[in-house]
Amino acid sequence: MRLIQLFTAAAIALASTFAFADDAADQAIRKSLANLELEVPIEAITASPMSGLYEVKLQGSRVLYASADGQYIVQGNLFALKGGKPVNLTEITERQGVSKLINGIPVAETVVYPAVGETKSHITVFTDTTCPYCHKLHAEVPELNKRGIEVRYVAFPRQGLGSPGDEQLQAVWCSKDKKAAMDKMVDGKEIKAAKCENPVSKQFALGQSIGVNGTPAIVLADGQVIPGYQPAPQVAKLALEAK
């Protein structure tokens, strides 16, 4: 599971050799993918380290591979062997995409629980105030903060837009003190907040685009997504390693 960290340097070296696909390959691959009706925009098509194979980056960090003529499309992991040890190039590329998206969320649009003292790292948590395991994680936020981890909440109504969770999350994000509102809502207290423009639906869509399908979903600074609850010591360890 930690192979990525051990061989990131090697993967970066390989990634630096990527080049954009030539026009013929680019057009052929785009035509084939259009026929598949993926409904996900293509961000870039580049040559992969494997001769004849092209890397297709989709919006939301997903990666596919294609032959130069577009007649073969592959969904799966591409590994490179360095010194007999595997480097998952696909996972690294997808994490980079997730990291860019998540770390690009304006902090003002999140509910922030700052670290105590020095901020050593941060995590972004897709949460739902109706989710029991989100409550369990929330109870451990003070411990994470003491360990130097800043916690940034983003909204993910697990039962969809228009659900009770969606209404609660909108109330939190429309409150003058979002942090206090989050605490009260997790404690089962009702809060009152006027309707306002808020990022709940946008954050829900972002979560879906990177593969979040339940809460809590913890995203580390390097883009690694940890689905479900994890105890504070384990989350802190992973967060510090991903700094």
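Residues numbered from 1 in each chain as written. Predicted model: local features only at pLDDT ≥ 70, side-chain atom pairs only at ≥ 80, totals over all residues. Heavy atoms only, no water.

Caption draft 1: Seen up close, the nonpolar core. Core analysis: the biggest nonpolar cluster contains 31 residues, and Ile123, Tyr153 and Trp173 have the highest contact counts within it. When contributions to this core are tallied by element, the ones reaching two or more residues are strand E7 (111–113), strand E8 (121–127), helix H6 (141–146), strand E9 (149–155), helix H7 (164–173), helix H8 (178–186), strand E10 (217–220) and helix H10 (232–241). Those residues in contact with Ile123, other than ones at most four positions away along the chain, are Leu144, Ile149, Glu150, Val151, Arg152, Ile218, Val219, Leu220, Val235 and Ala239. Formed by 12 residues, the second largest nonpolar core is a distinct cluster that contains Val98, Ile105, Leu206 and Ile210. (Core = buried A, V, L, I, M, F, W, Y, C linked by side-chain atoms within 4.5 Å. Buried < 20%, exposed > 50% of the residue type's maximum accessible area, 1.4 Å probe, protein only. Helix = DSSP H or I, 4+ residues; strand = E, 2+ residues; numbered from the N terminus. Contact = heavy atoms within 4.5 Å.)

Caption draft 2: The state of the cysteines, seen in detail. Counted by the stated rule, this structure contains 1 disulfide. With a sulfur-sulfur separation of 2.0 Å, Cys174 is cross-linked through a disulfide to Cys196. The sign of the -95° torsion about the S-S bond sets the Cys174-Cys196 disulfide as left-handed. Of this pair, Cys174 sits in the loop between H7 and H8 while Cys196 sits in the loop between H8 and helix H9 (200–209), placing them 22 residues apart in sequence. Given the relative accessible area of 34%, Cys196 is considered partly exposed. (Disulfide = S-S within 2.5 Å.)

Caption draft 3: Here's a closer look at a nonpolar patch on the surface. There is a patch of nonpolar side chains on the surface, built from Leu36, Leu38, Val40 and Ile73 and spanning about 290 Å² of accessible area. Assignment of secondary structure puts Leu36 in helix H3 (residues 23–36). (Patch = residues over 30% accessible without salt bridge, like charges linked within 9 Å, V, L, I, M, F, W, Y side chains within 5 Å. Areas by Shrake-Rupley, 256 points an atom, 1.4 Å probe, with all protein chains shown as cover. Salt bridge = Lys/Arg side-chain N within 4 Å of Asp/Glu carboxyl O.)

Caption draft 4: Local environment of the packing of aromatic side chains. One pass over the full model with this rule turns up 4 aromatic pairs. Ring centres 6.4 Å apart and planes at 40° place the aromatic pair Tyr133 and Tyr229 in the tilted group. In this pair, Tyr133 sits in helix H5 (residues 132–139) while Tyr229 sits in the loop between strand E11 (225–227) and H10, placing the two residues 96 residues apart along the sequence. Through successive ring pairs, a cluster of aromatic residues spans Phe126, Phe156 and Phe204. (Phe/Tyr/Trp six-rings, centres within 6.5 Å; stacked < 30°, edge-to-face > 60°.)

Caption draft 5: Examining the sheet that holds E10 more closely. Read across the sheet, 5 strands follow the order E7-E9-E8-E10-E11 without closing on themselves; strand pairing throughout is mixed. Looking at which strands have only one partner, the edges of the open sheet turn out to be E7 and E11. Taken over all neighbouring pairs, the strand axes of this sheet differ in orientation by 20° on average, direction set aside. Those strands touched by H8 are E7, E8 and E9, and its axis lies near 85° from that of E7. (Pairing = 2+ DSSP bridges. Axes fitted to C-alpha atoms, helices over the stretch in contact; angles between N-to-C directions.)

Keep in mind these values describe shape, not function.
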